Amino acid sequence: HQLSKLWFNLHTKDKKSSYARDVFGQECFQHEKADGCGLLGFYELLNQRKEVGMSLLNRACEMGHLFSCIHLFKDTRKVRPQDQHAAMPYAVKLCQLKNGDACTWIGIRHLEKKDYIIAKDYFTLGCDQKNAEACHLQGMISWDQGDKKFSGEFLDKGCKLKLAKSCYYLAEHLWLEKKKLDSYRYFKESCDFQFSNGCLGLGRFYSEQGDRNLALKYFSRSCE
């Protein structure tokens with residue numbers, strides 16, 4: 001709490017406070033506190049000493065300082081956008097710190113290499129941390145592998161996290177299984193989330209029910 005107050009004062013009053021630097025340094029090197037190393041690293045960046053700052057952020061990240069890892073991950077992808085390998089250690093650390101976006105990013109990298117087993121492991125971790133895309137991708141891979149029950153569970157999680165395409169694909173799967181009343185609810189959610197194919201699915205549902213007016217309503221919404 002005191003470190004946070006000092007950092008706030010540093011931003012609002014004196015950006016070159018040597019007192020702040022000394023306190024952060026003591027917390028980092030004498031007490032081996034991740035917050036101290038992270039704040040000292042950001043202090044150095046704030047004062048245009050990038051090499052020293054990034055080194056301190058690396059130290060802090062290794063110690064489990066979330067914001068240091070996030071900064072390193074983003075900076076590496078910005079400076080070296082084509083070098084996914086360079087960003088991977090920071091993503092792995094972030095995933096270990098329960099950052100769902102990082103877990104999902106790792107999963108996508110393995111999916112691109114067709115490492116489906118590893119990709120699914122990371123998508124599960126990402127989904128557990130409420131990343132809707134991770135839930136969706138886990139569901140789609142499982143469906144392609146023939147595990148419809150597992151797929152349905154993850155697409156449902158993605159839908160509950162308001163990812164419209166998860167609602168839609170789950171609705172399509174249920175439709176193919178002739179569970180049309182169940183599929184209706186997911187088409188409806190997808191359409192409510194402004195996903196055009198979800199509205200198309202509702203139109204198809206009402207068309208089969210013989211309700212021409214509602215079918216035309218949702219076909220029109222899909223077209224719009």
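Residues numbered from 1 in each chain as written. Predicted model: local features only at pLDDT ≥ 70, side-chain atom pairs only at ≥ 80, totals over all residues. Heavy atoms only, no water.

Caption draft 1: Seen up close, unusual backbone geometry. Here K98, not a glycine, exhibits a phi torsion of approximately 65°, which is positive. Among the secondary structure elements, K98 is positioned in the loop between α6 (84-96) and α7 (100-112). Its identity is not glycine, yet Q194 carries a phi of approximately 70°, on the positive side. In this fold, Q194 is placed in the loop between α12 (180-192) and α13 (196-208). (Helix = DSSP H or I, 4+ residues; strand = E, 2+ residues; numbered from the N terminus.)

Caption draft 2: Quick look at the confidence of the model for the protein. Chain-level statistics for the protein give a pLDDT mean of 91 and a share of 92% at 70 or above. Here helix α1 (residues 2-12) is the element of the protein with the lowest mean pLDDT, 56, and helix α8 (residues 116-128) is the one with the highest, 97. (pLDDT = per-residue confidence, 0-100.)

Caption draft 3: Representation of helix α3 (residues 34-46) in the model. Taking 1.5 Å per residue as the helical rise, α3 with its 13 residues ought to reach 18 Å, and the 18 Å between its terminal C-alpha atoms agrees with that figure. Among the 13 residues that make up α3, 11 are buried, leaving the element largely enclosed by the rest of the structure. Turning to α3, its buried residues number three or more, namely A34, G36, C37, G38, L39, L40, G41, F42, Y43, E44 and L45. Where α3 ends, the next residue or the one after it, Q48, has phi of about 65°, a positive value. (Expected span 1.5 Å × (residues − 1). Buried < 20%, exposed > 50% of the residue type's maximum accessible area, 1.4 Å probe, protein only.)

Caption draft 4: Here's a closer look at the environment of S222. With respect to the helices and strands, S222 occurs in helix α14 (residues 212-223). Judged by its relative accessible area of 16%, S222 is buried. Linking S222 and C199, residues 23 residues apart in sequence, is a C-alpha distance of 5.1 Å. Dropping the residues within four chain positions of it, S222 is found in contact with S196, C199 and L200. In terms of polar contacts, S222 uses its side chain to reach the backbone carbonyl oxygen of S196, at 2.9 Å. (Contact = heavy atoms within 4.5 Å. Polar contact = N/O pair within 3.5 Å; in protein donor to acceptor, adjacent residues only side chain to side chain.)

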